[in-house]
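Letter by letter, the chains look like this.
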Amino acid sequence: MEAFVNTDAATLSPVALFLQADWVVKAVMLGLLAASIWTWAIIVSYRSRIARAHKAIDTFEAEYRRADDVDAFHRAHADSDLAIARVFSAGVAEWRRSTAGKHIDRDGTRERLATAMGAAVASEIDRMGDRLNILATVGSVAPFVGLFGTVWGIMRSFSAIAQAQNSSLAVVAPGIAEALFATAIGLFAAIPAVIAYNRYSHGINRIEARLNRFADSFHATLSRQLELG
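Bear in mind that the values here come from a model prediction, so they are computed numbers and not experimental data.

### What to know about the overall build of the protein chain
Regarding its fold elements, the protein chain presents eight helices and zero strands. Along its sequence from the N terminus, the protein chain presents helices and strands in the succession α-α-α-α-α-α-α-α. Within the protein chain, buried positions represent 39% of all 229 residues. Contacts in the protein chain between residues at least 24 apart in sequence constitute 74% of all its contacts with a sequence separation of at least 6.

See the structure below:
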């Protein structure tokens, strides 16, 4: 811990490297650090968000299978903010509109049901993945921002060599160390962002597949009801 906070440049501690850095490199480091904090906040929130979504789908599907009256089940979940409940409500709403008249277009009703629930699934997935683009952006941009800090720090080192007319390690080491530290922070922000983006994209794809399967099952139930009618 002492080596981490030591402000002596010779120790190459993170605090010392930041304090000794040029203002441009400091700005790069602070920006990357902020991006890293933001990334971890999103990672933590999505971890619980996706877990809750899967659990909610499990619970809703179990209750749906036990329900004897679809209308009563819909009334009980009409105000729910669950993704699967909104897909279900979209199907029920379209069913009621399409079967309200005396003459029912069975094929048209089936198409409208599929469209309405498909649109509801797409809307829920868009809402659920609204911050994944931040992870993708940080994962792709952060290494290049860190590389910019590296290039700037190395340019400072060459300038120090020219001014001191001395190429000893004592002259060039601080600037190079600062430069490499900027790259390290860029990678520290980018690597978790890329891993989390891939993992949570897969998780959201699984949720989308489950919502589509429920929509298909509900569509089949309503389609059979049309045939009975």
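There's plenty left to go through after this.
### Observations regarding the packing of helix 5 (residues 83-98) against helix 6 (residues 106-128)
The geometry of a pair of packed helices is captured by two quantities: the angle between their axes and the separation between those axes. Two elements in contact, helix 5 and helix 6, have axes separated by 9 Å at closest approach and are oriented at 155°. In terms of orientation, helix 5 and helix 6 fall into the roughly antiparallel class. For the crossing formed where helix 5 meets helix 6, the hand is right-handed. Residues A83, R86, V87, A90, G91, E94, W95 and S98 of helix 5 touch helix 6, and the partners they reach there are T109, R112, L113, A116, M117, A120, V121, E124 and R127. In terms of residue class, the contact of helix 5 with helix 6 is built from nine nonpolar, three polar and five charged.

### A word on the packing of aromatic side chains
Under the counting rule described, the total for this entry stands at 13 aromatic pairs. Ring geometry for F214 and F218: centres 6.3 Å apart, planes at 15°, overall stacked. Note that F214 and F218 are positioned in helix 8 (residues 169-228) at a spacing of four residues, about one turn of the helix. Per residue, the accessibility class of F214 equals that of F218, and both read buried. Taken together, the ring pairs in this structure connect F60, Y64, F73, F88, F214 and F218 into an aromatic cluster. When the ring centre of Y46 is taken as reference, the NZ or CZ atom of R49 above it lies at 5.3 Å.

### Examining the side chain of R110
Structurally, R110 can be placed in helix 6. Looking at R110, the relative accessible area reads 18%, which means it is buried. In this structure the side chain of R110 is engaged in a polar contact, spanning 2.6 Å, whose partner is the side chain of S223. Apart from the residues lying within four places of it in its own chain, the contact partners of R110 are H219, S223, L226 and E227.

### Examining helix 5
Look at helix 5: 23 Å from first C-alpha to last across 16 residues, which is about the 22 Å you get at 1.5 Å a residue. Among the 16 residues of helix 5, twelve are classified as buried, and the element is accordingly described as predominantly covered.

### Regarding the nonpolar core
Counting residues in hydrophobic clusters, the biggest one holds 52 residues, and the most contacted among them are F88, L135, Y200, I207 and L211. For this core, the element with the highest residue contribution is helix 8, accounting for 17 residues. Discounting chain neighbours no more than four positions away, the residues touching L135 are T39, I42, I43, A193, A196, Y197 and Y200.

### What about the pattern of salt bridges?
Within the structure shown, the criterion is met by nine salt bridges. In this structure, D71 and R96 form a salt bridge, with 3.4 Å as the shortest nitrogen-oxygen distance. Taken together, the residues span a long stretch of sequence, with D71 in helix 4 (residues 70-76) and R96 in helix 5 at a distance of 25 residues. What makes R96 partly exposed here is its relative accessible area of 40%.

### Some remarks on the environment of N133
Mapped onto the secondary structure, N133 falls in helix 7 (residues 132-164). Put simply, N133 and Y197 are 64 residues apart on the chain and 8.2 Å apart in space, counted from C-alpha to C-alpha.

### Here we look at the confidence of the model for the protein chain
On average, residues of the protein chain carry a pLDDT of 84, and 87% of them reach 70 or more. No element of the protein chain has a lower mean pLDDT than helix 1 (residues 2-5), which averages 45, and none a higher one than helix 6, which averages 92.

### Side note on the packing of helix 3 (residues 23-66) against helix 5
Two elements in contact, helix 3 and helix 5, have axes whose closest approach is 8 Å; the angle formed by their N-to-C orientations is 40°. Considering their axes alone, helix 3 and helix 5 lie oblique with respect to each other. Contact residues: helix 3 offers I57, F60, E61 and Y64, while helix 5 offers I84, A85 and F88. Grouping the constituent residues of the contact of helix 3 with helix 5 by class yields six nonpolar, no polar and one charged.

Rules and cut-offs
Residues numbered from 1 in each chain as written. Predicted model: local features only at pLDDT ≥ 70, side-chain atom pairs only at ≥ 80, totals over all residues. Heavy atoms only, no water. Helix = DSSP H or I, 4+ residues; strand = E, 2+ residues; numbered from the N terminus. Buried < 20%, exposed > 50% of the residue type's maximum accessible area, 1.4 Å probe, protein only. Contact = heavy atoms within 4.5 Å. Axes fitted to C-alpha atoms, helices over the stretch in contact; angles between N-to-C directions. Parallel < 35°, antiparallel > 145°, perpendicular 65-115°, else oblique. Left-handed = near helix turned anticlockwise from the far one by under 90°. Nonpolar A, V, L, I, M, F, W, Y, C, P; charged D, E, K, R; others polar. Phe/Tyr/Trp six-rings, centres within 6.5 Å; stacked < 30°, edge-to-face > 60°. Lys NZ or Arg CZ within 6 Å of the ring centre and 35° of its normal. Polar contact = N/O pair within 3.5 Å; in protein donor to acceptor, adjacent residues only side chain to side chain. Expected span 1.5 Å × (residues − 1). Core = buried A, V, L, I, M, F, W, Y, C linked by side-chain atoms within 4.5 Å. Salt bridge = Lys/Arg side-chain N within 4 Å of Asp/Glu carboxyl O. pLDDT = per-residue confidence, 0-100.

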